[in-house]
Amino acid sequence: MKFPIYLDNHSTTPMDPRVLESMLPYFTEKFGNAASRNHAFGWDAEEGVEAARKQIAKLIHADAKEIVFTSGATESNNLALKGVVEMYHEKGDHIITSSTEHRAVLDTAKSLEAKRGVKVTYLPVDKFGMVNPEDVRNAITDKTILISVMFANNEIGTINPVKAIGKIAKEKGILFHCDATQGVGKVPIDVQDMGIDLMSFSAHKIYGPKGVGALYVRKKNPRVRIAAQMDGGGHERGMRSGTLPVPLIVGFGKACRLCEQEMAADAARLSVMRDRLHATITKALEDVYLNGHPTERLPHNLNISFAYVEGESLLMGCKEIALSSGSACTSATLEPSYVLRALGVGAELAHSSIRFGLGRFTLDEEVDYAGKRIIETVTKLREMSPLYEMAKEGIDLKSVQWAAH
Amino acid sequence: MAYSEKVVDHFNNPRNMGSFKKEEDGVGTGIVGAPECGDVMKLQIKVENDTIVDAKFKTFGCGSAIASSSLATEWLKGKTVEEAGKIKNTDIVQELNLPPVKIHCSVLAEDAIKAALADYQKKADSK
């Protein structure tokens, strides 16, 4: 086994060597600008880009012409929300989104509220982190121009009822944007069947390169229009100017092709591993809580709160394993995970949460080792925890008057 | 974030981790922090003839919080009650090389020392 062990695949994934191989010629021999129409260098680059566009579109059941390349999912989310608001401002000024969206959607929505006077409804989620489609329906007004709900959550892996939301959006004639950064390439996504009009995703979450993403923009039924947020040479059908990063795009295409071929097998293998890890941990430790949905979740995601133990110290205790925590101490904001808080998880348990993100290259022995080390470290830290001691003495921690600081 | 070697050392080899019985003679207990804030420290001192002869801690919190309280117990042992009251959070910051975002851990440790001393005093006065 090689150390450190990488179990943070929601954050980013290692690039598949087959992806790297596909990219290499486009750095050197085929270095042309895909927009150069009058020589072979440009044609080669364009051919690479268009082949990739097809591979990407195929994975999500879209047409190649509906793929707009961006620098990543953050840009795609910005472009979708800002582009729709700018284009359809005469139709209305209301957006519906959910409280557990990625910051790239939430902060874009907040910026639109502040700078453009857009009204935003942030829908609550249930205790598993799921948006209720009926809440979406009830939030719709005659001013609603966009519904933006994520496919699957990046922390807890809960998969939203996207198809039901898409159906409501169609019924009401409102555009539906889906941030599918965590879902694409991991579970089957069909933009036709699910009624998605705009969809954000990126390459580096699916074993492709960092620095490239896409926004799917529906071309018919309805034809979606967005205002460009980057002015320039009019690339990408005028929606996103800027010279295309050809090697990255070629790699993105290859990554999608591999996902199309291997997604089902990866998901089956990883969900078995994930379930075994969960079972091992719950068997060995008491007061362990699953965050997110028990079944409607990404196959490679496990998010657990270990009561009486703070997340950052747990990560420090097994630092040969790369994991992530919802603890305030691991966030830039010094607040515990807003996603877990939105589920109604208490702040103390949010501080105690650990996210395991398995991936294509995760080995059985790595997961078994991680399980063993987590159990050891939680046990050690609980011995050190005054909260565990109090709980063992039968003190109800909620009844204690804590001196908040 | 990378931790200083001293923080890692205290985290891996915590000094004086454990508990005294609260009602025991000469024992002062300070519990500070809150679970919602992500850190709770319990610091205990055992005093004989005005000198702290032993100290113990238990901490729920990040590595720096655990290290701050572990270091505090090390420093408390052998000090008089009066000397113990003079330990400052800035001393802990300096010793452990805590970065700015972790200064609150040292503040909590100072608060825990003060709370333990106050508890000891209260028990002594009520006799």
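Residues numbered from 1 in each chain as written. Chains lettered and ligands numbered in written order. Predicted model: local features only at pLDDT ≥ 70, side-chain atom pairs only at ≥ 80, totals over all residues.

K.L.:
Mind showing me how you'd approach the overall build of chain B here?
P.N.:
Tallying secondary structure elements over chain B gives five helices and three strands in all. What you see in chain B, going N to C, is helices and strands ordered as α-β-β-β-α-α-α-α. Taking the principal axes of its C-alpha atoms as reference, chain B extends roughly 50 × 30 × 20 Å. Considering chain B as a whole, with its 127 residues, one finds that 49% of them fall into the buried category. Taking contacts inside chain B between residues at least 6 apart in sequence as the whole, the part at least 24 apart equals 63%. (Helix = DSSP H or I, 4+ residues; strand = E, 2+ residues; numbered from the N terminus. Buried ≥ 20, exposed ≤ 12 C-beta atoms within 10 Å, placed from the backbone. Contact = placed C-beta atoms within 7 Å.)

K.L.:
Sorry, what's going on with the interface of chain A and chain B here?
P.N.:
Accessible area lost upon the coming together of the parts serves often as the stated size of an interface. In this assembly, 22 residues from chain A lie in contact with 23 residues from chain B. Breaking the side of chain A that touches chain B down by element, the ones donating at least two residues are α8 (311-317), α10 (347-350) and α12 (386-392) of chain A. For the side of chain A that touches chain B, the residue count by class is 13 nonpolar, five polar and four charged. (Nonpolar A, V, L, I, M, F, W, Y, C, P; charged D, E, K, R; others polar.)

K.L.:
Quick question: what am I supposed to make of the confidence of the model for chain B here?
P.N.:
Predicted coordinates in areas of low pLDDT are best not read in detail. Residue and element names in this part refer to chain B. Mean pLDDT over chain B works out to 95, with 99% of the residues at or above the 70 mark. Across chain B, strand β3 (residues 51-60) holds the top mean pLDDT of 98, while helix α5 (residues 103-125) sits lowest at 95. Scored by ipTM, the complex comes to 0.95, with pTM at 0.95. (pLDDT = per-residue confidence, 0-100.)

K.L.:
Would you mind showing me how to read helix α2 (residues 40-59) of chain A here?
P.N.:
In an α-helix, one turn spans 3.6 residues, which is why side chains three or four residues apart end up on the same side. All names here are of chain A. The first and last C-alpha atoms of α2 sit 29 Å apart over 20 residues, in line with the 28 Å expected at 1.5 Å per residue. Taken together, the buried positions of α2 are A45, G48, V49, A52, R53, Q55, I56, A57 and L59. Packed against the buried residues of α2 are β2 (67-70), β8 (213-217) and α7 (246-284). Looking one or two places after α2, you find H61, whose phi comes out positive at around 60°. (Expected span 1.5 Å × (residues − 1).)

K.L.:
Would you mind going over the packing of α7(A) against helix α11 (residues 364-383) of chain A with me for this structure?
P.N.:
For any two helices packed against each other, one specifies the crossing angle of their axes together with the interaxial distance. Residues and elements named next belong to chain A. Viewed as axis vectors pointing N to C, α7 and α11 meet at an angle of 20°, and their least axial separation amounts to 10 Å. When the interaxial angle is binned, α7 and α11 end up roughly parallel. For α7 against α11, the interelement crossing comes out right-handed. Residues M273, L277, T280, I281 and A284 of α7 touch α11, and the partners they reach there are D364, V367, A370, G371, I374 and I375. The residue inventory of the contact of α7 with α11, partitioned by class, reads eight nonpolar, two polar and one charged. (Axes fitted to C-alpha atoms, helices over the stretch in contact; angles between N-to-C directions. Parallel < 35°, antiparallel > 145°, perpendicular 65-115°, else oblique. Left-handed = near helix turned anticlockwise from the far one by under 90°.)

K.L.:
I tried to follow the sheet that holds strand β1 (residues 27-34) of chain B on my own but got confused; where do I start?
P.N.:
To summarise the sheet geometry, strands pair through backbone hydrogen bonds and adopt either a parallel or an antiparallel arrangement. Residues and elements named next belong to chain B. Across the sheet, which stays open at both edges, the three strands sit in the order β1-β2-β3 with antiparallel pairing between neighbours. For this open sheet the edge positions go to β1 and β3, each flanked by a neighbour on one side alone. Direction aside, the axes of adjacent strands within the sheet are offset by 15° on average. Sheet strands in contact with helix α2 (residues 63-76) are β2 (39-48) and β3, and its direction is about 170° off that of β3. (Pairing = 2+ DSSP bridges.)

K.L.:
Can you help me understand the environment of B:V81 in this one?
P.N.:
All names here are of chain B. On the secondary structure map, V81 appears in helix α3 (residues 81-84). On the basis of neighbour count, V81 is assigned to the partly exposed category, with 17 C-beta atoms found within 10 Å. Considering only alpha carbons, one finds V81 and T29, 52 residues apart in sequence, at a separation of 13 Å.

K.L.:
Honestly, the packing of helix α3 (residues 73-87) of chain A against helix α4 (residues 103-116) of chain A in this entry has me stumped. Any pointers?
P.N.:
Residue and element names in this part refer to chain A. Where α3 contacts α4, the axes come no closer than 9 Å and their chain directions differ by 35°. Here the hand of the crossing between α3 and α4 comes out right-handed. Taking contact as the criterion, the partners of A73, T74, N77, N78, L81, K82 and V85 in α3 are, on α4, A104, V105, T108, A109, L112 and R116. Looking at the contact of α3 with α4 residue by residue, the class counts come to seven nonpolar, four polar and two charged.

K.L.:
Please explain the domain arrangement of chain A as it appears in this structure.
P.N.:
Residues and elements named next belong to chain A. Under the domain assignment, chain A is made up of domain 1 (5-9 + 262-394) and domain 2 (17-258). Each of domain 1 and domain 2 was reduced to a C-alpha centroid, and the two centroids are 30 Å apart. Each partner contributes to the interface: domain 1 provides 21 residues, whereas domain 2 provides 21 residues. Listed by contribution, the elements that provide at least two residues to the side of domain 1 that touches domain 2 are α7, β10 (301-306) and α9 (338-342). At three residues, α7 tops the list of elements feeding residues into the side of domain 1 that touches domain 2. (Domains from an automatic or database assignment.)

K.L.:
Mind showing me how you'd approach helix α4 (residues 89-96) of chain B here?
P.N.:
Residues and elements named next belong to chain B. Those residues of α4 that sit buried are N89, I92, V93 and L96. Looking straight down α4, one finds that the buried residues subtend no more than 100° of arc, so they occupy a single side. Looking at the packing, one finds that the buried side of α4 touches α1 (5-12), α2 and α5. In the segment just after α4, N97 is the residue with positive phi, at about 60°. (Arc of directions from axis to C-beta.)

K.L.:
Could you clarify how one ought to interpret unusual backbone geometry in this entry?
P.N.:
Leave glycine aside and you will find that most residues have negative phi; peptide bonds, for their part, are mostly trans. Residue and element names in this part refer to chain A. Each neighbour pair has its own omega, and for F3 with P4 the value is -10°, a cis peptide bond. Relative to the elements of secondary structure, P4 occurs in the segment before β1 (5-6). P222 follows N221 through a cis peptide bond whose omega is -5°. Relative to the helices and strands, P222 is located in the loop between β8 and α7. The phi torsion at Y207 lies on the positive side, around 70°, for a residue other than glycine. Within the secondary structure layout, Y207 lies in the loop between β7 (198-202) and β8. The phi dihedral of R237 is positive, around 55°, even though this residue is not glycine. The topology assignment puts R237 in the loop between β8 and α7.

K.L.:
Help me understand the sheet that holds β2(A) in this model?
P.N.:
Residues and elements named next belong to chain A. Pairing is mixed in the open sheet, where seven strands are placed in the order β2-β8-β7-β6-β5-β3-β4. Each end of this open sheet is capped by a strand with a single partner; those strands are β2 and β4 (119-123). Sheet twist, expressed as the mean angle between neighbouring strand axes with direction ignored, is 20°. Two strands pair when backbone bridges link them, and strand β3 (residues 94-98) and strand β5 (residues 144-148) are joined in this way by four bridges, in the parallel orientation. Residue pairing across strands places T97 opposite S148, the latter belonging to β5.

K.L.:
Would you take a moment to explain the pairing of β2(A) for this structure?
P.N.:
Residues in a regular strand point their side chains to alternate faces of the sheet. Residues and elements named next belong to chain A. Burial along β2 is two-sided: the face carrying I67 and F69 and the face carrying V68 and T70 are both buried. Bridge count between β2 and β8: four bridges; the pairing is antiparallel. The residue bridging I67 from the neighbouring strand is Y216, located in β8.

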